[in-house]
Amino acid sequence: MQDTHLIPLPSLCTHYEIEMSFFDGLNDHGLIEIVSVEKTYCIHQDKIADLEKMIRLHQDLHLNVEGIDAVFNLLDKIDNLQTELMIAHNKLKRFEDF
Amino acid sequence: MAFIDYYKILGVDKNATKSDIKKAYRKMARKYHPDLNPNDKEAELKFKQANEANEVLSNDENRKKYDKYGENWQHGEAYEQAQQQQRQSQQQRQYQEGQQFEGFGEGEYSDFFESMFGGGFRQSRSNVKFRGQDFNANLELNLRDVYTTEKRVLTVNGKNIRLTIPAGVQDGQVIKIKGKGGPGINGGPHGDLLIEFKIVNTTEFKRDGSNLYKTVTLSLYKAVLGGDIMVDTFDGKVKLKLKPLTQNGTQVKLSGKGFPKYKKDGQFGDLYITYNVELPKKLSDKEKELFEELAKLQ
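Along each chain, residue indices are assigned from 1 in the same order as the chain's sequence is written. Labels are handed out in written order, letters beginning with A for the chains and numbers beginning with 1 for the ligands. A pLDDT threshold of at least 70 governs which residues receive local features in this predicted model, and a stricter bar of 80 or more applies before side-chain atom pairs are shown or counted, although totals over entire chains, interfaces and linings include all residues. Working from all heavy atoms in the structure, the side-chain values ignore hydrogens and water.

The name an unreviewed UniProt entry assigns to chain B is Curved DNA-binding protein, from the organism Winogradskyella epiphytica.

The name given to chain A in an unreviewed UniProt entry is MerR-like DNA binding protein, and the organism recorded there is Winogradskyella epiphytica.

Shown next, in the form of structure tokens:
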């Protein structure tokens with residue numbers, strides 16, 4: 001993991017107007033991975049899109065970390081089911097013209 | 001621009017308390033939040049509508065303004081005079097029920113909202129930077145196009161995007177191009193571009209993932225006596241040895257002659273050949289005689 005791709009959490013707290021404890025909670029639930037670089041806690045920039053989604057769910061819907069965890073698990077399930085559906089759909093095409 | 005009935009959007013009546021409005025908004029937000037309804041344009045629109053309705057109705061000053069001028073927002077203060085002249089009811093009838101949800105475009109707010117509450121109200125919103133919207137695009141390709149990795153230039157929202165399409169991409173598969181979506185809000189990062197592939201198959205091969213399937217028709221004599229046959233694969237021809245007395249429906253596997261495996265360079269699936277033995281449709285007298293001879297031998 002390159003340091004240049006890491007974003008310091010204190011900047012994110014200011015940026016999104018959110019408390020550090022929120023990120024700690026996400027980290028405790030395994031929803032994000034916080035890394036320490038020279039005594040500064042950071043998150044990888046590839047995880048920003050997911051993190052923003054978590055912040056929106058927290059701010060817009062007042063979901064706590066447990067709720068966000070549940071939502072992410074369900075969204076993962078939907079994603080997997082959609083992939084399975086796509087594969088099944090493609091398998092069916094083999095038999096369409098028979 | 002059409003009038004938008006914010007009370008109707010939230011499903012509350014005009015006498016609803018702040019608490020009723022908050023409750024109704026939260027219920028709608030949980031149901032239609034775009035993060036809970038990915039790629040659902042209708043949910044996104046309903047969320048925008050609920051958000052806007054909440055912003056107006058949960059703010060005393062704006063609710064008062066909306067209640068006072070709502071249906072006559074275009075006339076603003078002039079409406080006050082018009083009201084005195086008792087023309088209110090006539091004007092109200094100009095707005096039809098069916099127009100209520102028009103005016104919501106790609107932006108965050110409807111034209112109605114922008115016109116009525118404008119910039120002043122928006123300044124009260126936080127200055128938080130947000131990542132831009134994800135863009136969705138569809139790309140139709142022929143099965144032959146995705147047999148090899150290809151570079152293409154796509155034009156999305158007037159911008160040219162150079163794209164490498166890996167061999168083996170599947171029908172319905174979505175590829176994410178980072179940072180090629182909508183611009184961020186308040187200077188936030190760009191969203192992503194999500195491209196869904198539609199793979200059109202006009203070949204004689206059926207595809208299941210990286211495996212290909214093909215039916216080869218054999219004459220009765222070839223199936224009985226066996227011999228060499230030439231079979232078309234996806235990228236050429238192969239010579240196959242056919243065993244004598246090959247049964248109808250026999251399947252053979254040609255390892256590595258299928259479709260490229262997605263993002264696994266140099267790896268291919270298998271090609272499955274199913275033999276379909278075709279009986280003669282006409283027999284000459286001589287052939288019939290010979291078949292009868294054969295039948296007697298059984």
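Back to the text.
### Considerations on the sheet that holds strand β2 (residues 35-37) of chain A
All names here are of chain A. Condition: Strands were regarded as paired on the criterion that DSSP finds at least two bridges between them. Helical segments are the DSSP runs of H or I of at least four residues, strand segments are the runs of E of at least two, and each set is numbered from the N terminus. Each axis is a line fitted through C-alpha atoms, taken for helices only over the stretch in contact, and angles between the N-to-C directions span 0 to 180 degrees.
As summarised here, the arrangement of the 3 strands in space is β1-β3-β2, forming an open sheet in which the pairing is antiparallel. Two strands bound the open sheet, and with one partner strand each, they are β1 (6-8) and β2. Shown here is a sheet whose adjacent strand axes are inclined to one another by a mean of 50°, direction ignored. Strand direction decides the pairing type here: β1 and strand β3 (residues 40-44), joined by 3 bridges, are antiparallel. Bridged to Pro8 within β3 is Cys42.

### With respect to the environment of B:Lys206
This is how it is decided: Classification of residues uses two cut-offs on accessible area relative to the type maximum, computed with a 1.4 Å probe and protein chains only: under 20% is buried, over 50% is exposed, and between them is partly exposed. Definition of a polar contact: a pair of N or O atoms within 3.5 Å, with one able to donate and the other able to accept a hydrogen when the atoms are protein atoms, and with sequence-neighbouring residues admitted only if both atoms are side-chain atoms.
Mapped onto the fold, B:Lys206 is located in strand β6 (residues 206-208). With relative accessibility at 16%, the residue B:Lys206 sits in the buried group. Here the alpha-carbon distance between B:Lys206 and B:Leu271, two residues 65 residues apart in the chain, equals 9.7 Å. In terms of polar contacts, B:Lys206 uses its side chain to reach the backbone carbonyl oxygen of A:Lys93, at 3.4 Å.

### Comments concerning the interface of chain B and chain A
Put simply, the rule reads: Any two residues whose heavy atoms approach within 4.5 Å at even a single point are treated as in contact. Within this document, salt bridges are pairs made up of a side-chain nitrogen of Lys or Arg and a carboxyl oxygen of Asp or Glu, the two lying within 4 Å of each other. Classes in brief: Ala, Val, Leu, Ile, Met, Phe, Trp, Tyr, Cys and Pro nonpolar; Asp, Glu, Lys and Arg charged; the others, Gly included, polar.
Residue-level contacts link 24 residues of chain B with 22 residues of chain A. For the interface between chain B and chain A, the tally reads 4 salt bridges. Residues A:Arg56 and B:Asp35 are paired through a salt bridge, measuring 2.7 Å at the closest nitrogen-oxygen approach. The tally of links between chain B and chain A comes to 9 residue pairs in polar contact (both at pLDDT 80 or more). Taken together, the elements giving at least two residues each to the side of chain B that touches chain A come down to α2 (18-32), β6 and β7 (211-219) of chain B. Residues that form the side of chain B that touches chain A fall into these classes: 8 nonpolar, 6 polar and 10 charged.

### Observations concerning the pattern of salt bridges
Any two side chains of opposite charge can pair, on the condition that their charged atoms come close. Following the criterion strictly, the structure yields 17 salt bridges over all chains and no others. The partner of A:Lys93 in a salt bridge is B:Asp171, and the shortest N-O contact between them spans 2.0 Å. In this pair, A:Lys93 is assigned in the segment after α4 (65-92) and B:Asp171 in the loop between β3 (159-165) and β4 (174-177), connecting two distinct chains. Look at A:Lys93 and you get partly exposed, because its relative accessible area is 23%. Put simply, B:Asp270 and B:Lys253 hold a salt bridge, and the shortest N to O gap is 3.8 Å. With B:Asp270 in the loop between β10 (251-254) and β11 (271-278) and B:Lys253 in strand β10, the pair connects residues that are 17 residues apart, well separated along the chain. Residue B:Asp270 is classed as buried on the basis of its relative accessible area, which comes to 16%.

### Remarks on the sheet that holds strand β5 (residues 193-200) of chain B
All names here are of chain B. Pairing within the open sheet is mixed, and its 3 strands lie in the order β1-β5-β4. A single partner strand is all that each edge strand has here, and the edge strands are β1 (135-142) and β4. Across the sheet, the mean angle from the axis of one strand to that of its neighbour is 30°, orientation sign disregarded. Sheet analysis places β1 next to β5, joined by 8 bridges and oriented parallel. Counted as the bridge partner of Asn138 is Glu196 from β5.

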